[in-house]
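The residues making up each chain are set out below.
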Amino acid sequence: MNKYKLETLAIHAGENPDPNSGAIRPPIHMSNTFKLPKFGIKLFDALLMDSDSSPFVYTRWGNPTLRDLEERLTALERAEAAVVTASGMAAISALVFTFLQKGDHLIASEVCYAGTVELFGQYLPRFGIEISLVDTSDLEQVRAAVQKNTKMIFLETPANPILSISDISEIVKIAHESNILVAVDSTWSGPTIQRPLKLGADFVIYSLTKYLSGHGDALGGAVLGKKKLIQRIRKEMLVHLGGALSPFNAWLIMRGLMTLPLRMNLHCQNALLVAQFLENHPKVVRVIYPGLESHPHYELAARQMLDFGGMLTFSLKGGLGAAITLAEKVRLFSYATSLGDAHSLLFYYPTDLYIDAMPFYSDIQKQRIRKWTGDGILRASIGLESADDLIADLDKALRARTFKGLVGPLAYQILKKS
Ligand SMILES: *Cc1c(COP(=O)(O)O)cnc(C)c1O
């Protein structure tokens, strides 16, 4: 399979037509348990899970539909192996609970998906795991954070929601000098535009919920990497934390993956056009998109990524009031969290609220984040609609004035003080 290009692998890898009916779309194996071949050695093979072709026993350990998806993801990432999970967070927790224990130290991006930074900053310390949250786009900070007991560096690039870019191969160099594992959450790029394993990372993490599934329906997650390490995740923490993916969701994600290369191209193309439009708009203060030369890490992004993705952030001259008006007046964008959907989405992050929700941030970290985001940022997930229509929608909403836009900021200040 590996001789094929990604467009072909997205359709054919993991395609196992049903041997009974010949159905090309595989059946969904909605069975939580499997009839075992015979009492004896086969059952023990299955329980030991030492091979990625172990017999199926119980869906929390493995299932034919999940295995098809794992095969397709493995091919797309040109990895040795994949394990799929119920969500992106299930993938991240399975990873860290497999490889970290009491007394170990983890270095991670200080700004990444909120669920991840909360898990690391708030909950892992409960289990005696030491954490350093640093700005991983600054190699000096990464280097300075390495300790004798550091076991893993976890980075997210581009980082959600601020779109800072970290240098994967340089961080791998720092880590591998000291036998430290490197995991990269590459959800905002996907395998067609960023290849962390090729750059030396040990693991790639996905929230399949986003671009890889791509239609805003199923939740899912995955970890990819070396066979031996992925087998450990499956055996230790997929099975015991229990975050198994539903076969139905696996089937939906398989279907979404068929068009991933095609969709990703259009997400990138549309996002660049919207970013350029916003950058030239009189009501816009700043646009952050890795494909704009104004992005502080543009050169690194151009070197490390094959394209710049479908996510961007921007801030408006009218601040919170203007953001409220925009959210109210857009028609094609939905005001919603999540991303990577065919449908365009827009969400506002007030910096105060974001920072207040993370009690573990130091003052220096808060200042660093504020320097990047100002009072707040609008995060846009640019969908697959016509870029002309998206731009017209934003333009009209940016010109609008609303009562809520006028009183909103005031109401917000009163709410915050009460
Ligand atoms: C959404 C997201 C996650 C979490 O994924 P879920 O599927 O919602 O659990 C993790 N990392 C990144 C970068 C994300 O955008």
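This one's a predicted model, so the numbers in the text were calculated from it and none came from an experiment.

(A) The sheet that holds strand β4 (residues 150–156), seen in detail. Across the sheet, seven strands lie side by side as β1-β7-β6-β5-β4-β2-β3; this open sheet has mixed pairing. At either margin of the open sheet sits one strand with a lone partner, and together these are β1 (81–85) and β3 (130–134). Sheet twist, expressed as the mean angle between neighbouring strand axes with direction ignored, is 20 degrees. As judged from the five bridges shared by strand β6 (residues 203–207) and strand β7 (residues 221–225), these two strands associate in the antiparallel manner. Considered in β7, the bridge of V204 is made with L224. Sitting on the sheet, helix α4 (residues 88–99) touches β1, β4, β5 (181–185), β6 and β7, and the angle it makes with β6 is about 150 degrees. Its contacts with the sheet put helix α8 (residues 227–241) on β1, β5, β6 and β7, and the angle it makes with β1 is roughly 25 degrees.

(B) Quick look at helix α14 (residues 363–373). Within α14 the residues assigned to the buried category are Q365, I369, W372 and T373. Down the axis of α14, the sector holding all buried residues measures 85 degrees, keeping them to one side. Counted as exposed and oriented over 90 degrees from the buried face of α14: D363, I364, Q367 and K371. Each element contacted by the buried residues of α14 is listed here: β3, β8 (284–288), α13 (351–356) and β12 (376–381). Immediately beyond the C-terminal end of α14, within one or two residues, lies G374, with a positive phi of roughly 60 degrees.

(C) Seen up close, the site of the ligand. Taken together, 14 residues are adjacent to the ligand, and G88, D185, S207, T209 and K210 come closest. Here N160 contributes a side-chain N or O atom positioned 3.2 Å from an oxygen atom of the ligand. Between the ligand and S207 there is a distance of 2.8 Å, counted from an oxygen atom to a side-chain nitrogen or oxygen. Within the complex, 94% of the 380 Å² of free accessible area of the ligand lies under protein. Of the residues that constitute the shell around the ligand, the class distribution is four nonpolar, seven polar and three charged.

(D) Region of interest: the environment of R25. Locating R25 in the fold gives a position in the loop between α1 (6–12) and α2 (41–48). Assessed through its relative accessible area of 37%, R25 is described here as partly exposed. Along the primary structure R25 and M254 are separated by 229 residues, whereas in three dimensions their C-alpha atoms are 9.9 Å apart. Not counting the four nearest positions on each side in its chain, R25 is found in contact with E15, W251 and M258.

(E) Molecular detail of the packing of α4 against α8. Contact geometry for α4 and α8: axes closest at 9 Å, N-to-C directions at 105 degrees. Considering their axes alone, α4 and α8 lie roughly perpendicular with respect to each other. Along the contact surface, α4 presents S93, A94, L95, F97, T98 and F99, while α8 presents L229, R232, I233, E236, M237, L238 and L241.

(F) Just unusual backbone geometry, in detail. Here the bond from T157 into P158 is cis, since omega is -10 degrees, no more than 30 degrees from zero. Following the sequence through the fold, P158 ends up in the loop between β4 and α7 (168–177). For the bond running from N160 to P161, omega is 0 degrees, close enough to zero to count as cis. Here P161 shows up in the loop between β4 and α7. Positive phi values are uncommon outside glycine, yet N179 reaches one of about 55 degrees. Inspection of the secondary structure puts N179 in the loop between α7 and β5. According to the relative accessible area criterion, N179 is exposed, its value standing at 71%. Phi angles above zero are rare outside glycine, and S338 is one such case at about 70 degrees. Structurally, S338 can be placed in the loop between β10 (334–335) and β11 (345–350).

(G) Region of the structure containing the pattern of salt bridges. Applying the stated criterion across every chain yields a total of nine salt bridges. A salt bridge links E140 to R143; the shortest N-O distance between them is 2.6 Å. Of this pair, E140 and R143 both sit in helix α6 (residues 139–145), three residues apart, which is roughly one turn of the helix. Ionic pairing is found between K173 and E170, a salt bridge with its closest N-O pair at 2.9 Å. Remark: E170 and K173 occur in helix α7; sequence separation between them is three residues, near one turn of the helix.

(H) Expanded view of the domain arrangement of the chain. Here the chain is partitioned into domain 1 (6–30 + 62–257) and domain 2 (260–417). One C-alpha centre belongs to domain 1, the other to domain 2; they are set 25 Å apart. The interface is formed by 44 residues belonging to domain 1 together with 43 residues belonging to domain 2. Between domain 1 and domain 2 the total buried area reaches about 3,400 Å² when both faces are included, carbon and sulfur atoms providing 64% of it. Across the contact surface, domain 1 and domain 2 share two salt bridges.

(I) How the structure looks around the sheet that holds strand β9 (residues 311–316). As summarised here, the arrangement of the five strands in space is β8-β9-β12-β11-β10, forming an open sheet in which the pairing is mixed. This sheet does not close on itself; its edge strands, each paired only once, are β8 and β10. The pairing of β9 with β12 spans four bridges and is antiparallel. The residue bridging T313 from the neighbouring strand is R379, located in β12.

Thresholds, definitions, all that
- The numbers attached to residues start from 1 for each chain and follow its sequence in the written order.
- This being a predicted model, a pLDDT of at least 70 is required before a residue's local features are given, and a value of 80 or more before pairs of side-chain atoms are given or counted; all residues contribute to the totals for chains, interfaces and linings.
- Computation of side-chain values: all heavy atoms of the structure, hydrogens and water removed.
- Here, strands pair whenever DSSP counts at least two bridges between them.
- Secondary structure elements follow DSSP: runs of H or I of four or more residues count as helices, runs of E of two or more count as strands, with numbering from the N terminus.
- For every element, the axis is a line fit to its C-alpha atoms; helices are fit only across the contacting stretch, and the angle between N-to-C directions ranges from 0 to 180 degrees.
- When checking whether two residues touch, look at their non-hydrogen atoms; a contact exists if any pair is within 4.5 Å.
- When a residue's accessible area, from a 1.4 Å probe over protein chains only, is under 20% of the maximum for its type it is buried; when over 50% it is exposed; and in between it is partly exposed.
- Regarding the arc, it is the one traced by the directions from the helix axis to the C-beta atoms.
- One heavy atom within 4 Å of a molecule or strand makes the whole residue count as near it.
- Definition of a polar contact: a pair of N or O atoms within 3.5 Å, with one able to donate and the other able to accept a hydrogen when the atoms are protein atoms, and with sequence-neighbouring residues admitted only if both atoms are side-chain atoms.
- Shrake-Rupley sampling with a 1.4 Å probe provides the accessible areas, and residues are treated as covered by the protein chains on show and by no other component.
- Residue type decides the class: Asp, Glu, Lys and Arg count as charged, Ala, Val, Leu, Ile, Met, Phe, Trp, Tyr, Cys and Pro as nonpolar, and the leftover types, Gly among them, as polar.
- Note on angle classes: values under 35 degrees are labelled roughly parallel, values over 145 roughly antiparallel, values of 65 to 115 roughly perpendicular, and the remainder oblique.
- Whenever a carboxyl oxygen of Asp or Glu lies within 4 Å of a side-chain nitrogen of Lys or Arg, that contact is scored as a salt bridge.
- Domain start and end points were adopted from an automatic or database domain assignment.
- Buried area adds together the accessible area that both of two parts lose upon being put together, with accessible area traced by a 1.4 Å probe.

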